[in-house]
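Remarks on the overall topology
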Amino acid sequence: MVKEKKYLRGVIFLWELFQPYRIWIILMVQAPLLSALYVFANNYSLKLLVDTFTSDEYQNIKDIFFAICVFVLAQVSHGVSWRVSNIAEWKVEPFVRRDLLLKVYDYVQHHSITFFQNTQTGIITSKIKGIVDGYDYILNLHHTLGRSLCTVLLSIFVLLFVNIYIFSFVLLWHVILISIMLPMCSKLNNISNDYANSKHKVIGNISDNINNIFSLFYFSKRSEELKRLRSLVTNESMTKHIQLEKYNCRFALIFNILYWVMLFTVLVFLIILKDSSGISTGNMLFILLTCITISVNLWEFITGLSEFFNKIGDFNSSFSLLTVPHDKVDVKSAKNIKLFDGSIIIKDLSFAYNQGTPIFSGLNLSIKSGEKVGIVGYSGAGKSTLVYLLLKNYLLDSGEIIIGKTNIKDITSDSLREQIALIPQDTLLFHRSIAENIGYGISNPSISKIRKASQLANIDDFIDSLPDKYETLVGEKGVKISGGQRQRIAIARALIKNTPIIILDEATSSLDTVTESKIQNSISSILDHTQSTVVAIAHRLSTIRHMNRIIVIDKGKIIEDGPFEQLLKNKHGHFRKMWDNQVNNMIV
């Protein structure tokens, strides 16, 4: 039942995309039906010619004029119908393909952070490609399955008017064929689906290796990763591929045997009818040509059906990407709301990942608008989780977070994040120009705003030293520039947003001492003049000494709260212990 719902969902998904183009789609799929009439007309015109020439009635060309007209009309209508279909294709295919790709991408990008944490990027990319490839194949089925099926059905029906016995036998043969082949098609689909899943797994592994290619270089693991990939392909993908090919061969062989039985039986029966003068030469030729037409097109249909189940298996496997429901972080009543101050109030907050051990239990915290607050604690204390909750990456188990006097549950996640500037610890840039990366947080940024943000982040001199300056491409994830330069670009990208709240999540952790000092001076200068609320998650305690207050978190609870100097004076306090450890060069 679950599988049927997934198939139905895929059909509904495609149908919604096709709806605006339904007239063009009708014009596109008319060609297979007219192709079937074309085959019938050809065979029928030959029958008329043979019957006329083998009788004593033939006098001149007038006696075969009708047969000639049928033959010519068949050629013209066949060509016209397929050219109309070609025109309809260019009116439909590129546009639906675009809509499909955008809809799939949009659905994927609205998954939660948890989804992307648990799913390989390569698998996601492979499945998106599988959906698009499946669409390309499905939209062109009228060229293969549609034409063959229409020809077979029409040809069987035509036999009814020629010889009832031949018709009955061919119809019975088709019933037997379908009853044997359909269950095999179902099994073929399952095998194909398994093979498709194994391919996605292999592509995901390759993508993971490419994303971490420098680790392979630095640890000399290329040979080992090749062996690992070989093992995965051999034991997973190749095994399932061989199973699929074997079943395809068995599938085709059974059809061949049934086809030989049908054709041999019809030929013997026609010879008997001819000997008993029960059938004309033209009808005998017509029946034989029709049976051969049925056989050829049925073989094309069956092999096409086999390929269809292979492709649809891959499509269904890929489409599973769209059957994963979104984790809801927005209630239906949530609205886009403008925040005019950066005050933060946390009331009785409780939260745990996946109903595991609670990170927070009844947490309370109040930060005034414009206040500069540092948050510190050992690894696993809950610092980063607090940032995730402020950004509405997860739903709270209980309690409230109120920003700018508005409960964040009443604000859409996109609206909330637009008004919070985040400078993360791990900066990943787009493979675009430096200017595009810095201006990414706002719409249509001017170069003057980009330059101002760069100056505040102390990155402008470096950018101006580059040959292409602000038009320099940074490479995938920013690999063409250093970690410190990436971090300063991330700081500029956050500052250009000019938001009520700025969050620094270990913003200077990846920088050298000199660069860190320069950026700290820049940030300190900015903080002295900005009205924004600043929340800084820090590992290096010296970087937050100029904050208004420092909050120490341990095991999800606030255990100390106060100015830097005050906390430092408490010799038995948690903060003082962390400070002493860092001063004595002990990494915490």
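This report concerns the structure included in the present document.

Our focus in this paragraph is helix H3 (residues 65-109). Look at H3: 65 Å from first C-alpha to last across 45 residues, which is about the 66 Å you get at 1.5 Å a residue. Of all the bends found along H3, the most pronounced is centred on Glu89 and spans about 30 degrees.

Now for the pairing of strand E4 (residues 398-403). Bridging between strand E1 (residues 344-352) and E4 involves 5 bridges; their strand directions are antiparallel. Looking at E4, one finds that Ile346 is bridged to Ile401. Summarising the sheet, E4 and strand E5 (residues 406-407) pair through 2 bridges and their orientation is antiparallel. Of the residues in E5, the one forming a bridge with Ile403 is Thr406. The turn joining E4 and E5, which pair antiparallel and follow one another in sequence, is formed by 2 residues; a positive phi near 60 degrees is taken by Gly404.

Attention shifts here to helix H11 (residues 383-390). Of all 8 residues that make up H11, 6 are buried, and the element is covered over most of its length. Of the residues one or two after H11, Lys392 is the one with positive phi, at around 60 degrees.

On to the sheet that holds strand E10 (residues 557-562), then. Taken together, the 6 strands give an open sheet; going across it, the order is E6-E7-E8-E3-E9-E10, and neighbouring strands pair in mixed fashion. Sheet topology places strand E6 (420-423) and E10 at the edges, where each strand pairs with a single neighbour. Each neighbouring strand pair of the sheet contributes to a mean axis angle of 20 degrees, computed without reference to strand direction. Helix H16 (residues 483-495) contacts E6 and strand E7 (501-505) of the sheet and is inclined by roughly 175 degrees relative to E6.

This paragraph deals with the pattern of salt bridges. The tally for this structure, following the rule as stated, stands at 6 salt bridges. Note that Arg98 and Asp99 form a salt bridge whose closest N and O atoms lie 3.0 Å from each other. Taking relative accessible area as the criterion, Asp99 reaches 23% and is therefore assigned partly exposed. With a closest N to O distance of 2.6 Å, Asp561 and Arg549 form a salt bridge.

Where H3 meets helix H5 (residues 121-139), the axes come as close as 11 Å, and the angle between the chain directions of the two elements is 155 degrees. Comparing their axes, H5 and H3 come out roughly antiparallel. Regarding H3 and H5, the two cross each other, and that crossing is right-handed. Of the residues in H5, those in contact with Val92, Glu93, Val96, Arg97, Leu100, Leu101, Val104 and Val108 of H3 are Ile124, Ile128, Ile131, Val132, Tyr135, Asp136 and Leu139.

A few words on the packing of aromatic side chains. Counted under the stated rule, the structure contains 9 aromatic pairs. When the centroid spacing of 5.3 Å and the interplanar angle of 85 degrees are considered together, the rings of Phe115 and Phe116 count as edge-to-face. Phe116 gets classed as partly exposed once you look at its relative accessible area, which sits at 37%. Look at Tyr388 and Tyr394: their rings are 6.2 Å apart centre to centre, the planes differ by 65 degrees, and that puts the pair in the edge-to-face class. Overall, the relative accessible area of 29% leaves Tyr388 in the partly exposed class.

Here is what the cut-offs are and how they apply
- Residues numbered from 1 in each chain as written.
- Predicted model: local features only at pLDDT ≥ 70, side-chain atom pairs only at ≥ 80, totals over all residues.
- Heavy atoms only, no water.
- Helix = DSSP H or I, 4+ residues; strand = E, 2+ residues; numbered from the N terminus.
- Expected span 1.5 Å × (residues − 1).
- Bend = angle between axes of the 7 residues up to and from the residue.
- Pairing = 2+ DSSP bridges.
- Buried < 20%, exposed > 50% of the residue type's maximum accessible area, 1.4 Å probe, protein only.
- Axes fitted to C-alpha atoms, helices over the stretch in contact; angles between N-to-C directions.
- Contact = heavy atoms within 4.5 Å.
- Salt bridge = Lys/Arg side-chain N within 4 Å of Asp/Glu carboxyl O.
- Parallel < 35°, antiparallel > 145°, perpendicular 65-115°, else oblique.
- Left-handed = near helix turned anticlockwise from the far one by under 90°.
- Phe/Tyr/Trp six-rings, centres within 6.5 Å; stacked < 30°, edge-to-face > 60°.

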